[in-house]
Amino acid sequence: MTSHIEQAVAARIAAARRKAEQKKRRRAELAEARAHGLASRHAAKMRRWDKEGT
């Protein structure tokens, strides 16, 4: 049988793990969006350069 304090500590630890996992997932999503945006902007720049060169 666990005490009330042990249960509260376990709940706080679980909440901290969930929060850390959410932050990690959010960072990964932002990194993916940033990479996509950079590639898209680079492709647009290359198209503009190609259009100006012809």
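Scroll up for the structure.
Residues numbered from 1 in each chain as written. Predicted model: local features only at pLDDT ≥ 70, side-chain atom pairs only at ≥ 80, totals over all residues. Heavy atoms only, no water.

J.: Which parts of the structure should I look at to understand the overall build of the chain?
T.: A count of helical and extended segments in the chain gives 1 helix and 0 strands. Taking 10 Å as the expected radius of gyration for a compact globule of 54 residues, we find that the chain reaches 23 Å, considerably beyond that expectation. Principal-axis analysis of the C-alpha atoms gives the chain an extent of 80 × 10 × 5 Å. Relative to its full complement of 54 residues, the chain shows a buried share of 2%. Of the accessible surface of the chain, which amounts to about 5,400 Å², a share of 58% is contributed by carbon and sulfur atoms. For the chain, the distance from the average position of its 15 positive side-chain charges to the average position of its 6 negative side-chain charges is 5 Å. (Helix = DSSP H or I, 4+ residues; strand = E, 2+ residues; numbered from the N terminus. Rg over C-alpha atoms; globule rule 2.2 N^0.38 Å. Buried < 20%, exposed > 50% of the residue type's maximum accessible area, 1.4 Å probe, protein only. Areas by Shrake-Rupley, 256 points an atom, 1.4 Å probe, with all protein chains shown as cover. Lys, Arg positive; Asp, Glu negative; His and termini not counted. Charge placed at Lys NZ, Arg CZ, Asp CG, Glu CD.)

J.: Would you take a moment to explain a nonpolar patch on the surface for this structure?
T.: Together, Ile 5, Val 9 and Ile 13 line one region of the surface with nonpolar side chains, adding up to about 270 Å² of accessible area. Looking at the secondary structure, you find Val 9 in helix α1 (residues 4–53). Owing to a relative accessible area of 43%, Val 9 belongs among the partly exposed residues under this scheme. (Patch = residues over 30% accessible without salt bridge, like charges linked within 9 Å, V, L, I, M, F, W, Y side chains within 5 Å. Salt bridge = Lys/Arg side-chain N within 4 Å of Asp/Glu carboxyl O.)

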